[in-house]
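Understanding the architecture of this molecule
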Amino acid sequence: MRFVDQVIIVLEAGNGGRGCISFRREAYVPFGGPDGGDGGAGGSIVLVADANVGTLLDYRYRRRYHAQDGAAGEGSNRTGRGGADTVLKVPQGTLVYDDATGEQLGDLVESGTRLAVARGGIGGRGNYRFRSPSNQAPRRADAGRPGERRRLRLELKLLADVGLVGFPNAGKSTLLSRLTSARPKIADYPFTTLTPNLGIVDLGDYMSCTMADIPGLIEGASEGKGLGHAFLRHIERTRLLIFVLDVTDEPAGRYRALCREVETYTQSLVAAPRLVCLNKIDLWPAEDPLPVIPGEIALPISCVTGAGLPALRSAIKAAFAARRQQA
């Protein structure tokens, strides 16, 4: 399934129904008077977060949505039927913006959270509403009010506990496949991964976490260069960052570059917990000391042989346990 994390949709809520002009006509009631009912309210458009939806793909192919109009009022002072609401399911973690103003309308994080984004118009008043001692036979009724029309921008930020950050071909996808049941595409060329991938890591003792592989960061990604800038938003919600470095490719310099890109994009992650992994140690000469990452204790791992992965799993578990105690 294609991963889509940003779309623009146009919404039109239902119009209110027209009020009715009617007069009571019954045997033995010579002065029946007005009895026109009000129009029904138009349907609204509601977004609801659904844990079973993982992408905004459906909204890429259909971008206009309408709610049902309210029915007109009827005689005998009967109100018209209200229009049905249109309910649109979106993934958890969807941010909703008014595309015209840029205003954030909501953040649908929890499953089942509802947000009314376009409200239906109210129904028009029937002539019964206009009766008075000086006007006992009003021939006036209101038209229903139009429903709201909105152009929205939906942005998905993945709800992942752990975010894997690294330059292309650092081994993030392979690491995800070794720690989880996810099966991302893996190849020996850069930019193999074009969309974020998710997996569940079993930490033991009935603990687990969600891990996301963020594709293809390059230097300048926070300024819009390369593929990574389109996916940096997905690390904003993560509770732990794992920097995956290729031990054979100047890891200290690469780490500084990654930190700059992440911190330039969002200051909220400056103090976020992080782990640093030196991957591909199977390609490093055994007799040579491993490179040093200033200020960090780097975990040596090999996603190919599995070396160091139990220690990494334990480090992830310890990081979440420490965060739980602080909370």
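Everything that follows concerns the structure shown earlier in this document.
Only a predicted model underlies this, so the values are computations on that prediction, with no experimental measurement involved. (Residues numbered from 1 in each chain as written. Predicted model: local features only at pLDDT ≥ 70, side-chain atom pairs only at ≥ 80, totals over all residues. Heavy atoms only, no water.)

**Quick notes on the overall build of the protein**
Secondary structure assignment for the protein yields 4 helices and 14 strands. Considering the protein as a whole, with its 327 residues, one finds that 47% of them fall into the buried category. Long-range pairs, those at least 24 residues apart, make up 70% of the contacts in the protein with a sequence separation of at least 6. For the protein, the accessible area works out to roughly 16700 Å², and carbon and sulfur atoms hold 48% of it. (Helix = DSSP H or I, 4+ residues; strand = E, 2+ residues; numbered from the N terminus. Buried < 20%, exposed > 50% of the residue type's maximum accessible area, 1.4 Å probe, protein only. Contact = heavy atoms within 4.5 Å. Areas by Shrake-Rupley, 256 points an atom, 1.4 Å probe, with all protein chains shown as cover.)

**Describing the pairing of strand β10 (residues 197-204)**
What you see with β10 is a clean split: Asn197, Gly199, Val201 and Leu203 sit on the buried side and Leu198, Ile200, Asp202 and Gly204 on the side with no burial. In this sheet, strand β11 (residues 207-213) lies alongside β10 in antiparallel orientation, the contact comprising 7 bridges. Residue pairing for β11: Gly204 is matched across the bridge by Met207. The turn linking β10 back onto β11 is made up of 2 residues, and Asp205 within it adopts a positive phi angle of 55°. (Pairing = 2+ DSSP bridges.)

**Structural notes on the sheet that holds strand β3 (residues 64-66)**
Ordered by their spatial adjacency, 5 strands build an open sheet running β3-β1-β8-β5-β6, and the pairing between neighbours is mixed. Edge positions in the sheet fall to β3 and β6 (104-108), since each of these pairs with one other strand and no more. Within the sheet, the average angular offset between the axes of one strand and its neighbour, ignoring direction, is 25°. (Axes fitted to C-alpha atoms, helices over the stretch in contact; angles between N-to-C directions.)

**Overview of the environment of Gly73**
For Gly73, the location among the structural elements is in the loop between β3 and β4 (86-91). The buried category is assigned to Gly73, whose relative accessible area is 11%. Each C-alpha atom, one on Gly73 and one on Gly39, is 4.2 Å from the other, the two residues being 34 residues apart in sequence. Residues contacting Gly73, with those up to four places away along its chain left out, are Arg18, Cys20, Gly37, Asp38, Gly39, Arg78 and Gly80.

**A look at the packing of aromatic side chains**
This structure, assessed with the given rule, holds 2 aromatic pairs. Ring plane angle 80° and centroid distance 5.2 Å describe the contact between Phe243 and Tyr255, whose orientation is recorded as edge-to-face. Within this pair, whereas Phe243 is found in strand β12 (residues 240-246), its partner Tyr255 is found in helix α3 (residues 251-265), the two being separated by 12 residues in sequence. With relative accessibility at 7%, the residue Tyr255 sits in the buried group. Above the plane of the ring of Tyr128 lies Arg131, whose end atom (NZ or CZ) is 3.8 Å from the centre. (Phe/Tyr/Trp six-rings, centres within 6.5 Å; stacked < 30°, edge-to-face > 60°. Lys NZ or Arg CZ within 6 Å of the ring centre and 35° of its normal.)

**A word on the side chain of Asp50**
Position of Asp50 among the secondary structure elements: in strand β2 (residues 45-50). Judged by its relative accessible area of 15%, Asp50 falls in the buried class. In terms of polar contacts, Asp50 uses its side chain to reach the backbone amide nitrogen of Asn52, at 2.8 Å. Setting aside residues up to four positions removed in sequence, Asp50 forms contacts with Lys89, Val90, Pro91, Gln92 and Ser111. (Polar contact = N/O pair within 3.5 Å; in protein donor to acceptor, adjacent residues only side chain to side chain.)

**Examining the sheet that holds strand β7 (residues 114-118)**
An order of β4-β2-β7 is seen for the 3 strands of this open sheet, with the pairing classed as mixed. Each edge of the open sheet is held by one strand with a lone partner, namely β4 and β7. In this sheet, adjacent strand axes meet at a mean angle of 30° when their direction is disregarded.

**Examining α3**
For α3, which comprises 15 residues, the first-to-last C-alpha distance of 21 Å matches the rise-based estimate of 21 Å (1.5 Å per residue) to within 8%. Within α3, burial applies to Pro251, Ala252, Tyr255, Ala257, Leu258, Cys259, Glu261 and Val262. Those residues of α3 hidden inside the fold are in contact with β9 (162-165), β12 and β13 (274-279). (Expected span 1.5 Å × (residues − 1).)

**As for the pattern of salt bridges**
With the rule as written, the count across this model stands at 17 salt bridges. Among the salt bridges present, the one from Asp99 reaches Arg151, with a minimum N-O distance of 2.8 Å. One end of the pair, Asp99, is in the loop between β5 (94-98) and β6; the other, Arg151, is in strand β8 (residues 149-156), with 52 residues separating them in the sequence. Take Asp99: its relative accessible area is 24%, and that puts it in the partly exposed class. Using a relative accessible area of 43% as the deciding quantity, one classes Arg151 as partly exposed. (Salt bridge = Lys/Arg side-chain N within 4 Å of Asp/Glu carboxyl O.)

**Considerations on the environment of Ala116**
Inspection of the secondary structure puts Ala116 in strand β7. When its relative accessible area of 31% is taken as the criterion, Ala116 is described as partly exposed. For Ala116 and Leu105, which are 11 residues apart along the polypeptide, the C-alpha to C-alpha distance reads 9.4 Å. With near-sequence residues (within four places) excluded, Ala116 lies in contact with Ile45 and Val46.

**Examining the nonpolar core**
Counting 44 residues, the largest nonpolar core has Ile9 and Leu11 as its most contacted members. Tallying contributions element by element places α3 first for this core, with 6 residues. Filtering out sequence-adjacent residues up to four positions away, Ile9 remains in contact with Tyr59, Arg63, Tyr65, Leu88, Arg150, Arg151, Leu152 and Leu154. Val162, Leu203, Met211 and Val244 belong to the second largest nonpolar core, which has 23 residues in total. (Core = buried A, V, L, I, M, F, W, Y, C linked by side-chain atoms within 4.5 Å.)

Nothing here speaks to function; it is all geometry.
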